[in-house]
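Coordinate analysis (summary)
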Amino acid sequence: DDYVDLRQTVTRMLLRSGYSKVVQAESGEQCLELVKNSGFDIILLDISMPGISGIDTCKVLRSMTHTKQTRIVACTAHANARHSSVFIEAGFNDILYKPFGYAELMAKLDPAPEKEA
């Protein structure tokens, strides 16, 4: 996401839920650079970003061998349910509509990692 406050808020939510490695990117290009060298279980991808769009970023991710099975969730404030087919065709697994809270985020990422006792 290109909004630092949202990236930081989502990072806190994910860490609170037991995700141990959370990496942030502010653009599609930065996301692709990070993914090139590491595997990820889940990618939350904003649709409207400067440079390459989230839709185009998702298409590139789906063309990479090591990210074909990665769960990719579209995050958007500029679309609604009638746009869902565009996102699914691009390769997204699900859509998270902004603004969202902790419960909505966790529902899209389910199952969350198990917390250590």
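For the structure itself, look to the data block above.
Residues numbered from 1 in each chain as written. Predicted model: local features only at pLDDT ≥ 70, side-chain atom pairs only at ≥ 80, totals over all residues. Heavy atoms only, no water.

1. Let's talk about the overall build of the chain
In terms of regular secondary structure, the chain is built from 5 helices and 3 strands. Listing every helix and strand of the chain by position from the N terminus yields α-α-β-α-β-α-β-α. Rg of the C-alpha trace for the chain: 13 Å, near the compact-globule value of 13 Å for 117 residues, within the 12% margin. Dimensions of the chain, computed from the C-alpha atoms along their principal axes, are close to 40 × 30 × 25 Å. Across the 117 residues in the chain, those meeting the buried criterion constitute 39%. For the chain, the computed accessible surface area is about 6900 Å², with 52% contributed by carbon and sulfur atoms. (Helix = DSSP H or I, 4+ residues; strand = E, 2+ residues; numbered from the N terminus. Rg over C-alpha atoms; globule rule 2.2 N^0.38 Å. Buried < 20%, exposed > 50% of the residue type's maximum accessible area, 1.4 Å probe, protein only. Areas by Shrake-Rupley, 256 points an atom, 1.4 Å probe, with all protein chains shown as cover.)

2. Things to note about the layout of surface pockets
Considering only enclosed or pocket space, the largest pocket measures out at about 670 Å³ in volume. Lining the largest pocket are 28 residues, with V22, V23, I42, I43 and L44 positioned closest to its centre. Of all elements in the fold, only α1 (4–16), α2 (28–37) and β1 (42–46) reach the threshold of two or more residues within the lining of the largest pocket. Residues that form the lining of the largest pocket fall into these classes: 18 nonpolar, 5 polar and 5 charged. (1 Å grid on protein atoms, 1.4 Å probe; cavity = no way out; pocket = protein on both sides within 12 Å on 5 of 7 lines; lining within 4 Å. Points joined across faces, edges and corners; volume = space filled by probe spheres on them. Nonpolar A, V, L, I, M, F, W, Y, C, P; charged D, E, K, R; others polar.)

3. Here's the deal with helix α5 (residues 102–109)
Of the residues making up α5, those classed as buried are L105, M106 and L109. Along α5, the residues classed as buried sweep out an arc of 95 degrees about the axis, all on the same side. Within α5, the exposed residues directed more than 90 degrees away from the buried face are A103 and A107. Tucked inside the fold, the buried residues of α5 contact α1, β1, β2 (71–76) and β3 (94–97). (Arc of directions from axis to C-beta. Contact = heavy atoms within 4.5 Å.)

4. Notes on the packing of α1 against α5
Contact geometry of α1 with α5 gives a least axis separation of 11 Å together with a crossing angle of 65 degrees. α1 and α5 meet at a crossing whose hand is right-handed. For the pair α1 and α5, contact is made by V10, M13, L14 and R16 and by Y102, L105, M106 and L109, respectively. The residue inventory of the contact of α1 with α5, partitioned by class, reads 7 nonpolar, no polar and 1 charged. (Axes fitted to C-alpha atoms, helices over the stretch in contact; angles between N-to-C directions. Left-handed = near helix turned anticlockwise from the far one by under 90°.)

5. Regarding the packing of α2 against helix α3 (residues 54–63)
Following both chains from N to C, one finds α2 and α3 inclined at 15 degrees, their axes separated by 9 Å at the closest point. Here α3 runs roughly parallel to α2, going by the angle between their axes. Crossing hand, α2 versus α3: right-handed. Facing α2, whose interface residues are G28, C31, L32 and V35, α3 presents T57, V60 and L61. Split by residue class, the contact of α2 with α3 holds 5 nonpolar, 2 polar and no charged. (Parallel < 35°, antiparallel > 145°, perpendicular 65-115°, else oblique.)

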